[in-house]
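Fold and contact review
Each chain, written out:
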Amino acid sequence: MKRAAIVIVTYNSEADILDCIKSIEAHSDLPKKDLELIIVDNDSRNADTMFAGIKRLWGEDVILIKNTLNGGYGQGNNLGIRAATAPVVLIMNPDVRLYEPVFARALSRFEGNEKIGLLGMVQMYSETRRSNHSFCPAWLVNGYLLLALYAVCNRRDWYLPRWMYVHGSCFFVRKKMFLKAGGFDETNFLYGEEEDLHFRMKRLFGPACFAFDKSLHYIHLASERQPSADYEKRLFEVNAALYAKKGISRRVILRHFLQANRLLLLKAGLKSKAGERYKVLKAFREYLLARRADIDMNKQARI
């Protein structure tokens, strides 16, 4: 049996996937025979060409799964993890690069503590430039506190497993615990997958199932996200819907989003009220206030 599996979900990722795999080969501290590479393609335009290139690079000992639809991040990763024979799986985006060994250390953590179900690592933008997105507080946290924890704890690598979920671009899971928790919610196409998984694993196994290793790093080739009101709205709606499934009131999540937005708006306004970020945050606040008015109106109608 393989010791570790790597699951990468692709969607028109020809520009990234081969360099991603090369980084695994260059920096793996496990023999290749102990690794299981699984690529799940979410109905890309040139999947066959990409798969042929992957085979030339890695060899025939690779599992290639051609999805019949683009079911999103969660559905694609679920397919790959179910296909894995290894007990520990590295979930990895195609725009992630390894630049140091991570497998032996990660496996020693899982093998040394059977309670660990998920292991996060430090996210970098380059070998010398840190990201501030290794982990995030869940939206169940008060919005004011959420922003403070986000900034301070990422800078110090202070991971609080009860309240924080690791970033979904690259992390390890123990397969049997991941599946017992239900895997990723496949009804959600994009955003909120890691937070939702964190909630369900914590409820089932307790916060002790989460670990973070600040000695392990990876590069995520992503620059800071450009301001977008549509993205902010989508993030809110997805989180509100996912928490509603768990019996958490939409009003609670809305209140926390409004609290965080108030601080972000103040910070952006101090820089420039004419700036694009301020305009986006202002538009998003108006959207949130309209949603709160809808909730109040519905409540009054029921009374």
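Everything quoted here is computed from the prediction, not taken from an experiment.

What follows deals with a nonpolar patch on the surface. On the surface, a nonpolar cluster with roughly 400 Å² of combined accessible area is contributed by Tyr144, Leu263, Leu266 and Leu270. A per-element tally of the nonpolar patch places helix 9 (residues 250-271) first, with 3 residues. As for its placement among the helices and strands, Leu266 is situated in helix 9. According to the relative accessible area criterion, Leu266 is exposed, its value standing at 52%.

Further remarks concern the packing of helix 1 (residues 14-27) against helix 2 (residues 47-58). At a minimum axis distance of 10 Å, the contact between helix 1 and helix 2 shows a crossing angle of 15°. Taken together, helix 1 and helix 2 sit at an angle that is classed as roughly parallel. Note on packing geometry: the crossing formed by helix 1 with helix 2 is right-handed. Packed against helix 1, whose contacting residues are Glu14, Ile17, Leu18, Ile21, Lys22, Ile24 and Glu25, the element helix 2 presents Met50, Gly53, Ile54, Leu57 and Trp58 at the interface.

This part takes up the nonpolar core. Counting residues in hydrophobic clusters, the biggest one holds 55 residues, and the most contacted among them are Leu118, Phe171, Val173, Met201, Phe236, Phe257 and Leu288. Other than its neighbours up to four places away in sequence, Phe236 contacts Arg250, Ile253, Leu254, Phe257, Phe284, Tyr287, Leu288 and Arg291. Among the nonpolar cores identified, the runner-up in size contains 34 residues, and Leu35, Met92, Leu98 and Cys170 belong to it.

This paragraph deals with a positive patch on the surface. Positive charge collects at one region of the surface, where Arg155, Arg156, Lys267, Lys271 and Arg277 lie side by side. Contributing elements (two or more residues each) for the positive patch: helix 5 (143-156) and helix 9. Relative to the helices and strands, Arg155 is located in helix 5. Judged by its relative accessible area of 55%, Arg155 is exposed.

Another aspect to go through is the sheet that holds strand 10 (residues 210-220). Sheet strands pair via backbone hydrogen bonds, and the direction of the pair is either parallel or antiparallel. Taken in spatial order, the 8 strands of this open sheet run 3-2-1-4-9-6-10-5, and their pairing is mixed. Every interior strand has two partners, whereas the edge strands, strand 3 (62-66) and strand 5 (96-97), have only one. Two elements, strand 5 and strand 10, share 2 bridges in a ladder whose sense is antiparallel. Note that in strand 10 the partner of Arg97 across the bridge is Ile219.

Moving on, we come to unusual backbone geometry. Its identity is not glycine, yet Asn12 carries a phi of approximately 50°, on the positive side. Looking at where Asn12 falls in the secondary structure, it is placed in the loop between strand 1 (4-10) and helix 1. In this structure Asn12 comes out as partly exposed when scored by relative accessible area, which is 22%.

Time to look at helix 8 (residues 229-244). Relative to the 22 Å expected for 16 residues at 1.5 Å per residue, helix 8 spans 22 Å between its end C-alpha atoms, a close match to the ideal helical length. Buried within helix 8 are the following residues: Ala229, Tyr231, Glu232, Leu235, Phe236, Val238, Asn239, Ala240, Leu242 and Tyr243.

With that out of the way, let us pick up the pairing of strand 3. Every regular strand shows the same layout, with side chains that alternate between the two sheet faces. Summarising the sheet, strand 2 (residues 35-41) and strand 3 pair through 5 bridges and their orientation is parallel. Note on strand 3: the bridge partner recorded for Ile39 is Leu64. In terms of handedness, the path from strand 2 via helix 2 over to strand 3 forms a crossover that is right-handed.

Inspection of the secondary structure assignment puts Pro101 in the loop between strand 5 and helix 4 (103-112). When sequence neighbours within four positions are dropped, the list of residues in contact with Pro101 reads His27, Asp29 and Leu216.

Before going further, it helps to examine the pairing of strand 4 (residues 88-92). Of all 5 residues that make up strand 4, 5 are buried, and the element is covered over most of its length. Taking every second residue as pointing to the same face, both faces of strand 4 are buried, with Val88, Leu90 and Met92 on one and Val89 and Ile91 on the other. Where strand 1 lies against strand 4, 5 bridges are found, and the strand directions are parallel. The partner of Ala4 across the bridge, within strand 4, is Val88. Looking at chain direction, strand 4 and strand 9 (residues 170-174) are connected through 5 bridges and run antiparallel. Pairing of Val88 across the sheet is with Arg174, part of strand 9.

A word on the packing of helix 5 against helix 9. In a packed pair of helices, the relevant descriptors are the angle between the two axes and the axis-to-axis distance. Here helix 5 crosses helix 9 at 60°, and the two axes come no closer than 7 Å. Relative to helix 9, the element helix 5 is oriented oblique. On the side of helix 5, the interface is formed by Gly143, Tyr144 and Leu147, while helix 9 contributes His256, Gln259, Ala260, Arg262, Leu263 and Leu264. Looking at the contact of helix 5 with helix 9 residue by residue, the class counts come to 5 nonpolar, 3 polar and 1 charged.

Cut-offs and rules
Each chain carries its own residue numbering, running from 1 in the written order of its sequence. Residues qualify for local features only when their pLDDT is at least 70, as the model is predicted, and side-chain atom pairs are given and counted only at 80 or more; totals for whole chains, interfaces and linings, by contrast, use all residues. Side-chain measures were taken over the full set of non-hydrogen atoms in the model, leaving aside hydrogen atoms and water. In this analysis, a patch consists of residues with relative accessible area above 30% that form no salt bridge, clustered at 9 Å for like charges and at 5 Å for the nonpolar side chains Val, Leu, Ile, Met, Phe, Trp and Tyr. In these tables, accessible area is a Shrake-Rupley quantity obtained with a 1.4 Å probe, and a residue counts as shielded only by the protein chains included in the view. Counted as salt bridges are all cases of a side-chain nitrogen of Lys or Arg within 4 Å of a carboxyl oxygen of Asp or Glu. For helices the rule is a DSSP run of H or I covering at least 4 residues; for strands it is a run of E covering at least 2, with both sets numbered from the N terminus onward. To sort residues, take the accessible area from a 1.4 Å probe on protein chains only and compare it with the maximum for the residue type: under 20% means buried, over 50% means exposed, and anything in between is partly exposed. Only the contacting stretch of a helix is used when fitting its axis, a line to C-alpha atoms as for every element, and angles between N-to-C directions run 0 to 180 degrees. Working definition: roughly parallel below 35 degrees, roughly antiparallel above 145 degrees, roughly perpendicular at 65 to 115 degrees, and oblique for all remaining angles. Left-handed describes a crossing in which the near helix is turned anticlockwise from the far one by less than a right angle; the clockwise case is right-handed. What makes two residues a contact is simply this: any of their non-hydrogen atoms within 4.5 Å. Definition used in this section: a nonpolar core is a set of buried Ala, Val, Leu, Ile, Met, Phe, Trp, Tyr and Cys residues joined via side-chain atoms within 4.5 Å. For the purpose of charge, His is not counted, nor are the chain termini; Lys and Arg are scored as positive and Asp and Glu as negative. By convention, charge coordinates are those of NZ in Lys, CZ in Arg, CG in Asp, or CD in Glu. Two strands pair under a simple rule: DSSP has to find at least two bridges between them. One less than the residue count of a helix, multiplied by 1.5 Å, gives the span that helix is expected to have. Looking down the strands as they point away from you, a crossover is right-handed if its path from the first strand over the helix to the second goes clockwise. Gly counts as polar in this scheme, as do all residues outside two lists: the nonpolar Ala, Val, Leu, Ile, Met, Phe, Trp, Tyr, Cys and Pro, and the charged Asp, Glu, Lys and Arg.

What is shown is where atoms sit, not what they do.
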